[in-house]
Amino acid sequence: MGTIQADVATGRRTLADTVTMLRQMRSMVRLPVDFHEAIGEHVNAHMLATAGVRGSLIAVEATIVEWLQQFAQERLETVA
C-alpha cells in the first residue's frame, strides 16, 4: 500500500488507475475487513462521482489521496 500511495503522490500513477488497482485488489486479495470496507467505500464514491451521480470528483479524489497517506511511512520503512 505504501508503493501505491507513493505512485499517486509522485504522479507515477493516475488516481483513476489507482482506483482500478484498489478495486482489483479488493476482489482478488483477502484483506482485513476494515481495508475491504474502506476500499469499497472509496471505489464506490469514485464511480458515483465520475458518473456525475453523487459528489464532486475532485473531493472524492482528495479523500482517496488523504486515505492513502496513512501508508506513506509503510513504504519508507520497507525501502530503508
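Structure first, text after, so check above.
Residues numbered from 1 in each chain as written. Predicted model: local features only at pLDDT ≥ 70, side-chain atom pairs only at ≥ 80, totals over all residues. Heavy atoms only, no water.

**Student:** It is not clear to me how empty space enclosed by the protein should be interpreted in this structure. Could you clarify?
**Tutor:** Empty space among the atoms becomes apparent when a probe as large as a water molecule is rolled across them. For the structure shown, the criterion picks out one cavity of 30 Å³ or more. Estimates place the volume of the largest cavity at around 30 Å³. Mapped onto the lining of the largest cavity, the elements with two or more residues apiece are helix 1 (2–10) and helix 4 (57–68). For the lining of the largest cavity, the element with the highest residue contribution is helix 1, accounting for three residues. Along the lines of polarity and charge, the residues of the lining of the largest cavity split into four nonpolar, two polar and no charged. (1 Å grid on protein atoms, 1.4 Å probe; cavity = no way out; pocket = protein on both sides within 12 Å on 5 of 7 lines; lining within 4 Å. Points joined across faces, edges and corners; volume = space filled by probe spheres on them. Helix = DSSP H or I, 4+ residues; strand = E, 2+ residues; numbered from the N terminus. Nonpolar A, V, L, I, M, F, W, Y, C, P; charged D, E, K, R; others polar.)

**Student:** Teacher, can you tell me more about the pattern of salt bridges here?
**Tutor:** Oppositely charged side chains are able to pair whenever their charged atoms sit close together. Scanning the model with the defined rule gives two salt bridges in all. The salt bridge involving Asp-7 is made with Arg-12; its shortest N-O contact spans 3.6 Å. Asp-7 gets classed as buried once you look at its relative accessible area, which sits at 6%. For Arg-12, a relative accessible area of 68% corresponds to the exposed category. (Salt bridge = Lys/Arg side-chain N within 4 Å of Asp/Glu carboxyl O. Buried < 20%, exposed > 50% of the residue type's maximum accessible area, 1.4 Å probe, protein only.)

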